[in-house]
Amino acid sequence: MPVLVGQPPPAKSASADDGALVIRKLCKEYQPGVPVLKSIDLEVPGHGVTAVIGPSGTGKSTLIRCINRLVEPTSGQILFRGTDLAALRSSRELRAARRRIGMVFQEYNLVERLTVMENLLCGRLGYVPPWRAWLRLFPEADVAHAFHLLDAVGLGDFATRRADALSGGQRQRVGIARAIMQAPEIILADEPTSSLDPKTSVEIMELLSRLGGERNIPVIVNIHNVELAKRFAQRIVGMAGGEVVYAGPPEGLSDDILRRIYGGQSWLE
Ligand SMILES: Nc1ncnc2c1ncn2[C@@H]1O[C@H](COP(=O)(O)OP(=O)(O)OP(=O)(O)O)[C@@H](O)[C@H]1O
Ligand SMILES: [Mg+2]
């Protein structure tokens, strides 16, 4: 069901059954007294694509970054399958939590001078002892899995190619494969298509949707392109001014709601 602002969240307890990810009263202030996220309440189901849309500066990246604690939440809860990610304190706990979360970035964040295969194996760094990683001694099973994944993302012939010799679309495929190498329980993608042409953008969204679906894990994508969001997401979260103003199916995204998200109306005509 669509949820509009102004309505109180449903009165039920937050548990893993309600959604894989349950966010309660999440607030973020980078500067004291200047809220960027204003008490976000959100439930993300355990599978499918959730697209987060909203104008520039509204807090979409901040929301995603709070989930994996690249940004420190000011207050609130981020319950991921029962663990409150916002409450994790020790670096060991944080490392363990981050291992469960695959990140995909707009600018790919590959290690440019390493090969595609080495970049993929970076996805296993959370699992192998540092000395093995230093010596690049990854288990054979990891290497075999990486080759398999490269095939799955259409880069079977690129294992030994350096990352800096790839196109944007190819880089993003590597970024996605690296995230999957982590065996994540959720994927968070922050504008994964913003640097790509329209056709490649569709292919990247298809890939995220397919790989998430095959693994039965939820994918959260921040995205500016509303048409792409509607095409690939089962659920849309519309943010405006640091608040969630819509959470529901793409079909519910009426012009009226788009105006509430983006403001004005001339751009809709
Ligand atoms: N590290 C930071 N320190 C201070 N303010 C920040 C920081 N990061 C983001 N902000 C501010 O927080 C607000 C939300 O930024 P955020 O990057 O989350 O927006 P966004 O919705 O992802 O925007 P875009 O669509 O342009 O990527 C903006 O006003 C931004 O200037
Ligand atoms: Mg952003």
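This text goes with the structure placed above it.
Remember, it's a predicted structure, so these values are computed and weren't measured experimentally.

Rules of the game
Residues numbered from 1 in each chain as written. Chains lettered and ligands numbered in written order. Predicted model: local features only at pLDDT ≥ 70, side-chain atom pairs only at ≥ 80, totals over all residues. Heavy atoms only, no water. Helix = DSSP H or I, 4+ residues; strand = E, 2+ residues; numbered from the N terminus. Buried < 20%, exposed > 50% of the residue type's maximum accessible area, 1.4 Å probe, protein only. Contact = heavy atoms within 4.5 Å. Polar contact = N/O pair within 3.5 Å; in protein donor to acceptor, adjacent residues only side chain to side chain. Near = heavy atom within 4 Å. Areas by Shrake-Rupley, 256 points an atom, 1.4 Å probe, with all protein chains shown as cover.

**Student:** Explanation requested: the environment of E29 in the structure shown.
**Tutor:** Within the fold, E29 resides in strand β2 (residues 21–31). Exposure remark for E29: the relative accessible area of 29% places this residue in the partly exposed category. Measuring from C-alpha to C-alpha, the distance between E29 and T74 comes to 6.2 Å, with 45 residues separating the pair along the chain. Apart from residues lying up to four places away in sequence, E29 is in contact with V34, P35 and T74. Only 3.0 Å separates the side chain of E29 from the backbone nitrogen of G33, close enough to count as a polar contact.

**Student:** Is there a simple way to explain the site of ligand 1 in this structure?
**Tutor:** Contacts to ligand 1 come from Y30, V36, P55, S56, G57, T58, G59, K60, S61, T62, E191 and H224. Between ligand 1 and T62 there is a distance of 2.5 Å, counted from an oxygen atom to a side-chain nitrogen or oxygen. With respect to ligand 1, the side chain of E191 contributes an N or O atom lying 3.1 Å from an oxygen atom. For ligand 1, the accessible surface in isolation is 640 Å², of which the surrounding protein chains cover 57%.

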